[in-house]
Amino acid sequence: MKPDSPLLKILACPLDKGPLILDEIGGALYNPRLRRSYPIVDGIPQLLPSSGVTTAAEEPAAGSDHGV
């Protein structure tokens, strides 16, 4: 998935329905409000609540300016 993908504008966190940030380095979509990261596998975001992983970081290293 690319940072300028139109898909980023419509994807939302499955838990709080808020926007996600693309973490290009980690290959995931990140929700800074819940501190949860959702993996992107073969270009497909895994947006099931059970797919999310809680992280300790406030925001991913890359993509913090790619907010939706």
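Shown above is the structure to which this text applies.
Because the structure is a prediction, the values reported are computed rather than measured.

A. Main features of the pairing of strand 2 (residues 28-31). Neither face of strand 2 is exposed, since Ala28 and Tyr30 on one face and Leu29 and Asn31 on the opposite face are all buried. Sheet analysis places strand 1 (residues 21-23) next to strand 2, joined by three bridges and oriented antiparallel. Looking across to strand 2, one finds that leucine 22 is bridged to leucine 29. If you look at the hairpin formed by strand 1 and strand 2, you'll find four residues sitting between the two strands, and glycine 27 has a positive phi there, around 65°. Bridging between strand 2 and strand 3 (residues 36-41) involves four bridges; their strand directions are antiparallel. Paired with alanine 28 across the two strands is proline 39, which belongs to strand 3. In sequence, strand 2 turns back onto strand 3 through a hairpin of four residues, with arginine 35 there showing a positive phi of about 55°.

B. Structural detail: the pattern of salt bridges. All chains considered together, the criterion is met by one salt bridge. Residue aspartate 16 is joined to arginine 33 by a salt bridge in which the shortest nitrogen-to-oxygen separation is 2.9 Å. Here the residue aspartate 16 occupies a position in the segment before strand 1, and arginine 33 occupies one in the loop between strand 2 and strand 3, the gap between them amounting to 17 residues. We classify aspartate 16 as partly exposed; its relative accessible area is 31%. The exposure class of arginine 33 is partly exposed, given its relative accessible area of 42%.

C. Spatial organisation of the side chain of serine 37. Relative to the assigned elements, serine 37 resides in strand 3. When its relative accessible area of 15% is taken as the criterion, serine 37 is described as buried. In this view, serine 37 contacts Ala28, Leu29, Tyr30, Ser51, Gly52, Val53 and Thr55; residues no more than four positions away in its chain are not counted.

D. Region of interest: the pairing of strand 3. Across two bridges, strand 3 lies against strand 5 (residues 53-54) in antiparallel orientation. Residue pairing in the sheet places arginine 36 in a bridge with threonine 54 of strand 5. Bridge count for strand 3 against strand 4 (residues 44-45) is two bridges, and the pairing is antiparallel. Residue pairing in the sheet places valine 41 in a bridge with isoleucine 44 of strand 4.

Reading guide: rules and limits
- Residues numbered from 1 in each chain as written.
- Predicted model: local features only at pLDDT ≥ 70, side-chain atom pairs only at ≥ 80, totals over all residues.
- Heavy atoms only, no water.
- Buried < 20%, exposed > 50% of the residue type's maximum accessible area, 1.4 Å probe, protein only.
- Helix = DSSP H or I, 4+ residues; strand = E, 2+ residues; numbered from the N terminus.
- Pairing = 2+ DSSP bridges.
- Salt bridge = Lys/Arg side-chain N within 4 Å of Asp/Glu carboxyl O.
- Contact = heavy atoms within 4.5 Å.

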